[in-house]
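# An overview of the molecular structure
Chain residues, written in single-letter form:
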Amino acid sequence: MTRLSPRNALRCAAGLLAAAGLLAVVPLAGAAAPARADEPPVFTLGGPAETRLHPYRAGGGPKPSRLGITVTAPSGEEGTGFAGRFTLTFDLSGVAGVADVAFDGETSDDEASGGGAPRVGASVGGTSDGRASGGGAAPDCEVTGAKAVCVGTGVRPGTHPVAALVVTAAAGGERGDSGTITVTGEAEGAAFTPFTARVTVGGPDLVMEELPFRTELVPGDRQQAPITFANRGAGDAEGVLLTLRYTRGLDIPQRYSNCRYSEDDPGPSGVGRTTALCTVEGAFEAGEAYTLATPLTIEATERAYRDTFLYRIEEAGPPRPAPAAFERGDGAVLRAVPVTGPQNRAAGRTADPTPHDNQREADFRTENTADFAAYGDRVSGARGATVTADVGFRNVGPAWIGHLRSGEDVAVVDFTVPRGASVVAKPDRCRAVTAAGEYREDQRSPAPRYLCPTSPAVHDGEGLDLPFALRIEEVLIGAEGEVTVRAPSARNPALPFDPAPANNTARLVLNAGDDGDGGPSTPPTSDPGPDASPSGASATSAPDGGAAGASGGSDSGTGSGHGGGLASTGSDALTVAGAAAVALTAGLALVAAARRRTGRHS
């Protein structure tokens with residue numbers, strides 16, 4: 001029994017899962033079925049439904065293709081993974097005489113000396129790292145004839161690679177030969193859905209050519225995208241599927257009638273993309289290169305900043321039902337025509353049929369800005385009352401901001417709690433820190449300060465709305481807290497894209513009084529709408545029976561001390577003035593009482 005190589009397993013896993021855009025467009029076959037609490041978990045084996053092979057070349061040896069097998073376990077509330085031992089069985093008899101199969105990991109003497117790919121039973125490999133083996137211990141594999149058995153431990157929730165096969169066309173085979181590889185699994189206390197992969201010798205190998213885009217732009221810039229691809233395989237392609245995917249700051253004005261378009265749900269990352277799926281009819285011959293009859297136009301819009309454009313080509317395959325989220329374009333038909341001149345047939349038919357050359361991506365940097373404007377609030381309450389304060393920020397635009405490659409947060413809202421109040425409930429994304437902004441292990445008890453990160457993308461017109469529930473511990477007239485939107489690093493807090501740092505800070509004022517100073521602030525917006533303002537602050541009865549105070553209203557403002565932004569100066573003056581008002585009221589009450597007593601005795 002041979003243990004699998006970690007180095008080759010990680011390399012194979014990277015190749016199988018490379019290009020998130022690819023996985024989004026061509027999902028692996030199979031999906032995990034959720035299990036009820038009283039039923040054993042069901043794991044689904046999957047992978048590419050079909051793998052194409054280069055024909056065996058006499059004297060030149062075969063060119064390998066990789067076939068990755070995955071396991072999907074229920075995630076989220078439906079499942080927590082599996083800690084037991086499992087067994088996978090690979091039935092390779094269906095490809096006898098069609099293809100030679102080896103597990104990635106070790107090479108045979110013949111392969112090491114250039115004599116060709118290892119045959120079934122000559123080499124064993126796969127994964128040796130928990131992340132590449134379903135999340136548990138590394139599986140051990142043993143090959144006997146046309147059968148391979150792998151034993152492993154533990155499956156994590158989600159989809160993970162569990163084995164990698166190296167498949168080559170068998171010597172003496174012919175184009176069009178086809179067969180299947182079937183994978184089954186079993187475990188005590190769990191069930192596996194089997195998977196069958198088809199392997200075919202010959203067929204097209206589509207390769208997308210990289211375009212020389214201008215990547216440093218200004219809003220309004222347009223450039224042509226003469227998308228060009230070649231068929232470097234051993235067979236013709238009957239129709240192709242062109243996939244275009246571009247982020248929020250880019251646009252392709254054309255809407256073709258043989259394309260379906262969708263504005264993707266931004267999801268947790270906040271990155272919204274437009275996807276176009278274009279089915280182009282025709283016979284695309286082996287050895288030929290093709291380009292669009294009319295180049296596409298790529299435009300950097302007024303909200304562009306850091307954007308990406310993905311373009312991918314693949315066989316159209318059988319007709320697919322249109323996803324509900326996609327709408328068909330109403331323009332002309334997108335067509336592809338042969339490339340004339342020396343570019344055609346230049347690459348011949350020597351490229352490996354690997355998926356990574358089916359797509360390209362371009363990154364664009366647009367000279368643009370985004371104004372992040374903080375907003376605070378004004379709330380009132382008696383001692384012991386709990387009030388809700390809505391704070392946060394808005395991206396007034398014009399650009400959207402996204403850290404697509406690094407995945408880092410764009411910004412953080414830094415909230416300092418006003419004196420005389422304590423936080424009894426906070427948004428989930430916020431973490432408690434010390435007054436100096438340092439790490440605080442205790443996240444449950446009230447803290448003097450909170451840091452609330454954004455996602456890796458913040459759209460124009462959007463931001464963060466952060467409701468904090470505050471308990472009034474002591475009534476301090478005009479007590480202030482600070483709300484600042486800044487860069488994630490406290491050492492370099494400036495937002496490099498923001499031309500107006502003055503409105504990055506606003507105030508939260510408690511019990512401001514009735515003189516109208518220090519009014520509440522609402523989210524600034526360049527496009528007023530129903531979600532442009534947070535809910536008004538509120539006060540509720542305290543658990544110990546303390547009276548609830550009146551809640552603050554909502555006026556417009558952008559922070560920085562102008563028009564409801566709650567200016568950051570004068571808090572001591574407000575406190576003194578408030579105390580004087582309280583003393584004056586008490587004095588007048590005493591005078592009135594003395595007069596009543598004098599009247600009774602006269």
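Each chain carries its own residue numbering, running from 1 in the written order of its sequence. pLDDT decides what is reported in this predicted model: residues at 70 or higher carry local features, side-chain atom pairs at 80 or more are listed and counted, and totals for whole chains, interfaces and linings draw on all residues regardless. To obtain the side-chain values, all non-hydrogen atoms of the structure were used and water was disregarded.

## Describing the overall build of the chain
How we decide: Put simply, DSSP H or I for four residues or longer makes a helix, DSSP E for two residues or longer makes a strand, and each gets a number counted from the N terminus. Buried residues are those whose accessible area, probed at 1.4 Å on protein chains only, stays under 20% of the maximum for their type, while exposed residues exceed 50% and partly exposed ones sit between those limits. The contact criterion used throughout is that any non-hydrogen atoms of two residues lie within 4.5 Å. Residue exposure ignores everything except the shown protein chains as possible cover, and the areas themselves are Shrake-Rupley values with a 1.4 Å probe.
Per the secondary structure count, the chain includes four helices and 39 strands. For the chain, buried positions account for 48% of its 602 residues. A sequence separation of at least 24 residues applies to 79% of the contacts in the chain between residues at least 6 apart. Counting every atom, the chain has about 28200 Å² of accessible surface; 51% of that belongs to carbon and sulfur.

## What about unusual backbone geometry?
For residues that are not glycine, phi is negative in most cases, and the peptide bond is trans in most cases. Omega for the peptide link from Gly397 to Pro398 comes to 5°, which places this bond in the cis form. Tracing the backbone shows Pro398 in strand β29 (residues 386-398). One non-glycine residue, Asn511, adopts positive backbone phi at about 50°. By the secondary structure assignment, Asn511 is in the loop between β38 (505-510) and β39 (538-540). The exposure class assigned to Asn511 is buried, which follows from its relative accessible area of 10%.

## Quick word on the pairing of strand β19 (residues 259-263)
Using the following cut-off: Being paired, for any two strands, means DSSP has found at least two bridges between them.
With four of its five residues buried, β19 lies for the most part within the structure. Pairing analysis gives five bridges linking β19 to strand β20 (residues 273-284), with the strands arranged antiparallel. Considered in β20, the bridge of Arg260 is made with Leu277.

## Quick look at the side chain of Thr454
In plain terms, the rule: Polar contacts, as used here, are pairs of N or O atoms within 3.5 Å; protein pairs need one atom able to donate a hydrogen and one able to accept it. Residues neighboring in sequence count only if both atoms are side-chain atoms.
With respect to the helices and strands, the residue Thr454 is situated in the loop between β34 (449-453) and β35 (457-458). Since its relative accessible area comes to 4%, Thr454 is described here as buried. Looking at Thr454, its side chain comes within polar contact range of the main-chain nitrogen of Val410, at 3.2 Å.

## Re the nonpolar core
Filter applied, for reference: In this description, a nonpolar core means a group of buried Ala, Val, Leu, Ile, Met, Phe, Trp, Tyr and Cys residues linked to one another through side-chain atoms lying within 4.5 Å.
Counting 39 residues, the largest nonpolar core has Phe372, Ile401, Tyr450, Leu466, Phe468, Leu470 and Phe497 as the members making the most contacts within it. Elements that contribute at least two residues to this core include exactly β27 (370-375), β29, β31 (412-416), β32 (421-425), β34, β36 (463-472), β37 (479-486) and β38. Among the elements that make up this core, the one with the highest residue count is β36 (five residues). If you look at the next biggest cluster of nonpolar residues, it comprises 36 residues, including Leu53, Phe103, Val167 and Ala169.

## Some thoughts on the sheet that holds strand β28 (residues 377-379)
Our working definition: Between N-to-C directions, angles span 0 to 180 degrees; the directions come from axes that are lines fitted to C-alpha atoms, helices contributing only their stretch in contact.
In space, the six strands of this open sheet follow the order β28-β38-β37-β31-β34-β33, with mixed pairing throughout. In the strand order of this sheet, the two ends are held by β28 and β33 (431-433), each with one partner. Recorded for the sheet is a direction-independent mean angle of 20° between the axes of neighbouring strands. In this structure, β31 lies alongside β34, joined through five bridges in antiparallel fashion.

## Concerning the confidence of the model for the chain
Keep this limit in mind: pLDDT expresses how confident the predictor is about each individual residue, on a scale running from 0 to 100.
Averaged over every residue, the pLDDT of the chain is 75; the share at 70 or more is 67%. Under a pLDDT of 50 for its full length, residues 1-35 has, in the predicted model, 73 contacts with residues more than four places off or in other chains.

## Details of the state of the cysteines
Note on terminology: a disulfide is the covalent bond linking the sulfur atoms of two cysteines. Put simply, the test is: Two cysteine sulfurs form a disulfide in these notes if their separation is within 2.5 Å.
Enumeration over the complete set of coordinates arrives at two disulfides. With a sulfur-sulfur separation of 2.0 Å, Cys259 is cross-linked through a disulfide to Cys278. On the S-S bond that ties Cys259 to Cys278, the torsion sits near 110°, and the link is right-handed. Placement of Cys259 in strand β19 and of Cys278 in strand β20 is noted, with a sequence separation of 19 residues between them. For Cys278, a relative accessible area of 1% translates into the label buried.

## Some remarks on the packing of aromatic side chains
Let me state the cut-off plainly: Any two of the Phe, Tyr and Trp rings considered here, Trp counted by its six-membered ring, make a pair once their centres fall within 6.5 Å; the pair's planes then place it as stacked at under 30 degrees, edge-to-face at over 60, or tilted in between. Two conditions define a charge sitting above a ring: the NZ of Lys or the CZ of Arg must be within 6 Å of the ring centre, and it must be within 35 degrees of the ring normal.
Counted by the stated rule, this structure contains 17 aromatic pairs. For the pair Phe43 and Phe192, a centre-to-centre distance of 5.4 Å together with 70° between the ring planes defines the contact as edge-to-face. A residue pair is termed long-range when its members are at least 10 positions apart, and Phe43 in strand β2 (residues 42-46) and Phe192 in strand β11 (residues 191-193) qualify at 149 residues. Judged by relative accessible area, which is 0%, Phe43 ranks as buried. What makes Phe192 buried here is its relative accessible area of 12%. We note Arg255 situated over the ring of Tyr261; from NZ or CZ to the ring centre the distance is 4.5 Å. The lysine or arginine in question, Arg306, covers the ring of Tyr305, its NZ or CZ lying 4.1 Å from the ring centre.

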